[in-house]
Amino acid sequence: MSKKRGEIVAHVVDHNAVALMRQLQDQYSLDLVVCENLNETVEFCQKHTAKIVILDEKIDRAIQPKIIGLFKAKNQSVDVVFVQCSEKAVNLPELFDLGYSQCLKSSEKPCDAVDKLNKILENQKKKIEAVKSQTLLPIYKLGEKFLSLNSEQEVFDGLIDIIATVINEPAISVMMYDETTASLKVVASKGGTKNVYKNIQIKPGERIAGWVYDHGEPVILNKNTQHESPLAEFLVRSDIQAAISFPLIYQDQTIGVVNLSQREEGVLYSQSEIDLLTIICRQAAAAYGSVKIRQEREQSVRLKTLFQQYVSPEIAEILLSRQQNLMQIGAIEELTVMFADIRNFTVLVQKIDPVELRNFLNRFFDLFADAVYLNRGTLDKFMGDAALVYFGSPVSVEYPNKVAVTTAIEIVKRFEEMRKIWASHHSCFEDIGLGIGISHGEMFLGNVGSSRRFDYTVIGTDVNIAQRLANDAMSGQILITKNVFDDVADMYSCTKLPRRTLRSLEKEIALYSVDPLVPVLSD
């Protein structure tokens, strides 16, 4: 046998036909393989993709349809050529019905035979180009369409449309894995009963689609050969002539399955359909991923915008990056809490215009927030004329007690400067002041709201202590507990105060007052 690739394969018995084939090989250098017997020809065509198979009339007419069917099962686009050896007339329509596409004569001039064979090859090339054109144009258009898709359903419907365009109008369904039911469910379909599709749920590993989902590999089932498949036991419909189940894969993970089926007799699926589905489904999976990413990004922006109404942008960024259920965020942590309260504010409210009062509070809250954010504190909330701040989490601070006292001193100084400016225009501002309380200990930090309203805050005994201290502090005074004092005594001058029992607390606690204007004396 010739060692050529075998673009053309011939099995001829008649010596004139053999001589013609040899001439075509030697004189015209055709890529032609001449096999010695029929089994060898079939075996060769099973291993190689021949474009033309040549058979002479000496082959038993009864087995010719079966032989031609074997060749076409391997390659549907193959042309089978009949070689006439005798002088009797040939019934061409009968030959074409058998599956032949051309007729040669063993006595034919080699140049004429070459012309006929080359014409067949040229027509095949044109058909291939036409198929490519018909296939690639819709795929290209689909690619353009995918760029503007806004939903997953549009991707599924677009996938159905393109498959129906390029693969002979089969019945098609797209199944996606549904985490809530842990099964594959039909999300789009064409050519089948929608009510039936609606109720289908297939677990991974079950039936053909479940097997394809589990293994990430396509399956072809043609009626005449499907009994040879290990999945034959899953076949339930006898009217299906051909079927394909193809995995939808995104980022190396199977996310769904595309199913095609044909009930029209004579239709066979082959590697060419798999090749088309590979291109189409990759594009569809990429579009699906793009839509998902865009949706997640938009959802993240919406969530972040909403979240920032309750916490600072920095805190929102940190909490959202944890990818937790926001309603379940929360833990016991050791934090430092600072509570600030404007002294004599009630009197101020009675003496100043509400619009001007709002301007004053806005200015105060601006300077307050600036100092807190500068020192990596978390501004929990403003409450009328008061504010709650904590240090240590979710923004990490190495020495939260020292940072809290430093922040409090800065706020007291800036508030006093602001108060003097306003007092120069309104004497009622001469009587107000700022009291601050600072405590440190274990407390709960997280959401303490409801399913309808998020409230990221702190609760615990030391939160209450800080608030009571701020209420008790005189104008310009910063009151701290002992565990705060122990950390800041080397930085600021502090005065020990008599132990006292704060409202709602059972035990007396040790208190200290920080003098913001007196630095600690060093040895």
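The sections below set out a description of the structure shown in this document. Owing to the predicted nature of the structure, the values given are computational and were not obtained by experimental measurement.

Rules and cut-offs
Residues numbered from 1 in each chain as written. Predicted model: local features only at pLDDT ≥ 70, side-chain atom pairs only at ≥ 80, totals over all residues. Heavy atoms only, no water. Core = buried A, V, L, I, M, F, W, Y, C linked by side-chain atoms within 4.5 Å. Buried < 20%, exposed > 50% of the residue type's maximum accessible area, 1.4 Å probe, protein only. Helix = DSSP H or I, 4+ residues; strand = E, 2+ residues; numbered from the N terminus. Contact = heavy atoms within 4.5 Å. Salt bridge = Lys/Arg side-chain N within 4 Å of Asp/Glu carboxyl O. Axes fitted to C-alpha atoms, helices over the stretch in contact; angles between N-to-C directions. Parallel < 35°, antiparallel > 145°, perpendicular 65-115°, else oblique. Left-handed = near helix turned anticlockwise from the far one by under 90°. Nonpolar A, V, L, I, M, F, W, Y, C, P; charged D, E, K, R; others polar. Pairing = 2+ DSSP bridges. Expected span 1.5 Å × (residues − 1). Arc of directions from axis to C-beta. Polar contact = N/O pair within 3.5 Å; in protein donor to acceptor, adjacent residues only side chain to side chain. Phe/Tyr/Trp six-rings, centres within 6.5 Å; stacked < 30°, edge-to-face > 60°. Lys NZ or Arg CZ within 6 Å of the ring centre and 35° of its normal.

1. Some remarks on the nonpolar core
Within the largest apolar cluster, 47 residues are counted, with the highest numbers of intra-cluster contacts made by Phe360, Phe368, Ile436, Ile438 and Ile480. With 11 residues, helix 13 (residues 400–423) is the single largest residue contributor to this core. Aside from chain neighbours lying at most four places away, what touches Phe360 is Ile342, Leu348, Phe415, Met418, Trp422, Phe429 and Ile432. Listed in part, the 32 residues of the second largest apolar core include Ile244, Ala285, Ala287 and Tyr288.

2. Topic: the pattern of salt bridges
Applying the stated criterion across every chain yields a total of 14 salt bridges. In this structure, Asp341 and Arg343 form a salt bridge, with 2.9 Å as the shortest nitrogen-oxygen distance. For Arg343, a relative accessible area of 14% corresponds to the buried category. Two residues, Arg419 and Glu416, come together in a salt bridge whose shortest N-O distance is 2.7 Å. Separated by three residues within a single helix, Arg419 and Glu416 lie in helix 13, roughly one turn from each other. Exposure remark for Arg419: the relative accessible area of 12% places this residue in the buried category.

3. Side note on the packing of helix 2 (residues 38–47) against helix 3 (residues 64–74)
For any two helices packed against each other, one specifies the inter-axial angle together with the distance between the axes. Interhelical geometry of helix 2 versus helix 3 gives an angle of 15 degrees and a closest axis separation of 9 Å. In terms of orientation, helix 2 lies roughly parallel with respect to helix 3. Two packed elements cross with a definite hand, and for helix 2 against helix 3 that hand is left-handed. For the pair helix 2 and helix 3, contact is made by Leu38, Thr41, Val42, Cys45 and Gln46 and by Ile67, Leu70, Phe71 and Lys74, respectively. Within the contact of helix 2 with helix 3, the residues separate by chemical class into six nonpolar, two polar and one charged.

4. Side note on the pairing of strand 13 (residues 378–383)
The two faces of a sheet get side chains in turn, since along a regular strand they alternate between them. Bridge analysis of strand 13 against strand 14 (residues 386–391) gives five bridges, and the strand direction is antiparallel. Paired with Phe382 across the strands is Ala387, a residue of strand 14. The turn joining strand 13 and strand 14, which pair antiparallel and follow one another in sequence, is formed by two residues; a positive phi near 65 degrees is taken by Gly384.

5. Quick word on helix 1 (residues 15–26)
Between the first and last C-alpha of helix 1 there are 16 Å, a value that for 12 residues agrees with the 16 Å anticipated at 1.5 Å per step. Those residues of helix 1 that sit buried are Ala17, Leu20, Met21, Leu24 and Gln25. Viewed end-on, helix 1 has its buried residues packed into an arc of 140 degrees, placing them on one side of the element. Turned more than 90 degrees off the buried face of helix 1, the exposed positions are His15 and Asp26. The N-capping residue of helix 1, defined by a side-chain oxygen 2.9 Å from the backbone nitrogen of Asn16, is Asp14.

6. Observations concerning the packing of aromatic side chains
Under the definition given, this model contains 13 aromatic pairs. Look at Phe360 and Phe429: their rings are 4.9 Å apart centre to centre, the planes differ by 50 degrees, and that puts the pair in the tilted class. Of this pair, Phe360 sits in helix 12 (residues 354–374) while Phe429 is found in the loop between helix 13 and strand 15 (433–447), placing the two residues 69 residues apart along the sequence. Judged on exposure class, the residue Phe360 and its partner Phe429 are both buried. Between the aromatic rings of Trp422 and Phe429, the centroid separation amounts to 5.3 Å while the plane-to-plane angle is 55 degrees, which identifies the pairing as tilted. According to the relative accessible area criterion, Phe429 is buried, its value standing at 0%. In this structure an aromatic cluster arises from ring pairing among Phe360, Phe364, Phe365, Phe368, Phe382, Phe415, Trp422 and Phe429. The ring of Tyr399 carries the charged tip of Lys402 above its face, separated from the ring centre by 5.0 Å.

7. Let's talk about the environment of Ser173
Residue placement: Ser173 occurs in strand 6 (residues 171–178). Overall, the relative accessible area of 5% leaves Ser173 in the buried class. In the structure, Ser173 is positioned 13 residues away from Ile160 in sequence and 7.4 Å away in space, judged by C-alpha atoms.

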